Amino acid sequence: MDIRIATIRDTDAVRAVHLDAFPEGEGAPVAKLAADLLEEKTTPETLSLVAESDGAIVGHVAFSPVFVEGIDDFNGYILAPLGVKASSQKGGVGRALIEYGMRRLSEKGVEVVFVYGDPDYYGRFGFNAEAASVYNAPYPLQYPFGWQAAVLDEPTPCDSPVTIACVESLSDPGLW
Ligand SMILES: CC(C)(COP(=O)(O)OP(=O)(O)OC[C@H]1O[C@@H](n2cnc3c(N)ncnc32)[C@H](O)[C@@H]1OP(=O)(O)O)[C@@H](O)C(=O)NCCC(=O)NCCS
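Residues numbered from 1 in each chain as written. Predicted model: local features only at pLDDT ≥ 70, side-chain atom pairs only at ≥ 80, totals over all residues. Heavy atoms only, no water.

Draft legend 1. Structural view of the overall build of the chain. In terms of regular secondary structure, the chain is built from five helices and eight strands. Against the compact-globule benchmark of 16 Å for 176 residues, the chain has a radius of gyration of 15 Å, which places it among compact chains. C-alpha extents for the chain along the principal axes are approximately 50 × 35 × 30 Å. Of all 176 residues assigned to the chain, the portion counted as buried reaches 45%. The contacts of the chain with a sequence gap of at least 6 include a subset with a gap of at least 24, amounting to 70%. (Helix = DSSP H or I, 4+ residues; strand = E, 2+ residues; numbered from the N terminus. Rg over C-alpha atoms; globule rule 2.2 N^0.38 Å. Buried < 20%, exposed > 50% of the residue type's maximum accessible area, 1.4 Å probe, protein only. Contact = heavy atoms within 4.5 Å.)

This is how it looks when you write it as structure tokens:
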């Protein structure tokens, strides 16, 4: 299996991954988010990765930047979405995508990475609720226990809770 940076040419395959990975009804908005993030120009750049096995794309993850008003040097990202084709799940593809992405972000000096998802899964990769506790998600959360962060480097300290802002593709309360 190989991990590489995704490009706009991968859009159809990336959409197909999420439509296959998520239960019916949940896949369409996630596939749209993944495709939107491939097109969105952000500063700093959004990192979209695909996992390829035997020439076919079997997994995808995106990491997009997040911002905190008043802290100009805040260097944070959010992991969303992540999906692995059903036939390739539980084979280490998700782990490979997350670890590759986190390594690249760490090399770029990113301090903190957020995720909104299953703590049983993301806890394996250093994400936890405590690290996210001083950061409010941009929208009210349907499952607040899923709000987590992984600290890669000591972030600029926040005395009181701050609310993060995300890129346009993720700025939809329905995704939260
Ligand atoms: C969740 C998902 C991305 C995991 O990808 P994957 O390639 O199957 O995961 P991996 O094989 O890399 O698993 C890594 C570890 O997590 C475990 N794991 C896999 N799925 C898990 C789950 N849903 N909950 C808890 N642990 C899980 C594996 O057993 C493995 O454990 P190990 O390292 O001790 O062997 C994939 O199952 C998927 O696409 N699911 C549907 C979409 C989804 O839920 N996306 C995440 C949204 S928050």
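Draft legend 2. Structural context of the environment of Asp120. Relative to the helices and strands, Asp120 resides in helix H4 (residues 119–122). Looking at Asp120, the relative accessible area reads 62%, which means it is exposed. Sequence separation between Asp120 and Ile3 is 117 residues, and the spatial gap between their C-alpha atoms is 24 Å.

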